[in-house]
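The residues making up each chain are set out below.
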Amino acid sequence: MGFMLYCAAETLGVSRDEMAEQLLVGKAKYSSIFNYPTLTWADIGAIGWLVDGAVIMNQVPLQRYSFGPYSRAMIRICKEESFHQRQGFDILRALCEGTDEGRKWRRTP
């Protein structure tokens, strides 16, 4: 996903080096779900379902962006995020409907 965003930014005239420099000096922001602690399968499911769901809500309107390369990249990104959201929901559902051992995992340690 990051690769597609870098490519989209490059088509708008911002190089990868510029983006990295903006990040390092604090002009740009960085956020990644990969920095969240995932102590149990329930954590992974909740991140996938809720965080990726929020991402989809913010990114779906960008699919109708007037700049074609960016719009096409957002379509592919939203498809991938939808997969993660469904996967997260399925993990949580399986833990809630599964065995007693699985139901213990959904609790916070």
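Report follows, based on the coordinates. This structure is a prediction, so every number in the text was calculated from the model and none was measured.

**Points about the pattern of salt bridges**
Then, number 1: Taken as a whole, this structure holds two salt bridges when the rule is applied.
Then, number 2: Between aspartate 90 and arginine 93 there is a salt bridge, with the nearest N and O atoms lying 2.9 Å from each other. Within this pair, aspartate 90 and its partner arginine 93 are both found in helix H4 (residues 68-97), separated by three residues, close to a single helical turn.
Then, number 3: Judged by relative accessible area, aspartate 90 falls into the partly exposed class, the value being 36%.

**Side note on the environment of serine 71**
Then, number 1: Position of serine 71 relative to the elements: it lies in helix H4.
Then, number 2: According to the relative accessible area criterion, serine 71 is buried, its value standing at 9%.

**Details of the packing of aromatic side chains**
Then, number 1: This structure, assessed with the given rule, holds two aromatic pairs.
Then, number 2: Note on tryptophan 49 and phenylalanine 89: the rings are 5.4 Å apart at their centroids and 65° apart in plane angle, and the pair reads as edge-to-face. With a gap of 40 residues between them, tryptophan 49 in helix H3 (residues 41-59) and phenylalanine 89 in helix H4 connect regions that are remote in the sequence.
Then, number 3: Overall, the relative accessible area of 34% leaves tryptophan 49 in the partly exposed class.
Then, number 4: Between tyrosine 65 and tyrosine 70 the ring centres are 5.0 Å apart and the planes differ by 65°, which places this aromatic pair in the edge-to-face class.

About the cut-offs
- Residues numbered from 1 in each chain as written.
- Predicted model: local features only at pLDDT ≥ 70, side-chain atom pairs only at ≥ 80, totals over all residues.
- Heavy atoms only, no water.
- Salt bridge = Lys/Arg side-chain N within 4 Å of Asp/Glu carboxyl O.
- Helix = DSSP H or I, 4+ residues; strand = E, 2+ residues; numbered from the N terminus.
- Buried < 20%, exposed > 50% of the residue type's maximum accessible area, 1.4 Å probe, protein only.
- Phe/Tyr/Trp six-rings, centres within 6.5 Å; stacked < 30°, edge-to-face > 60°.

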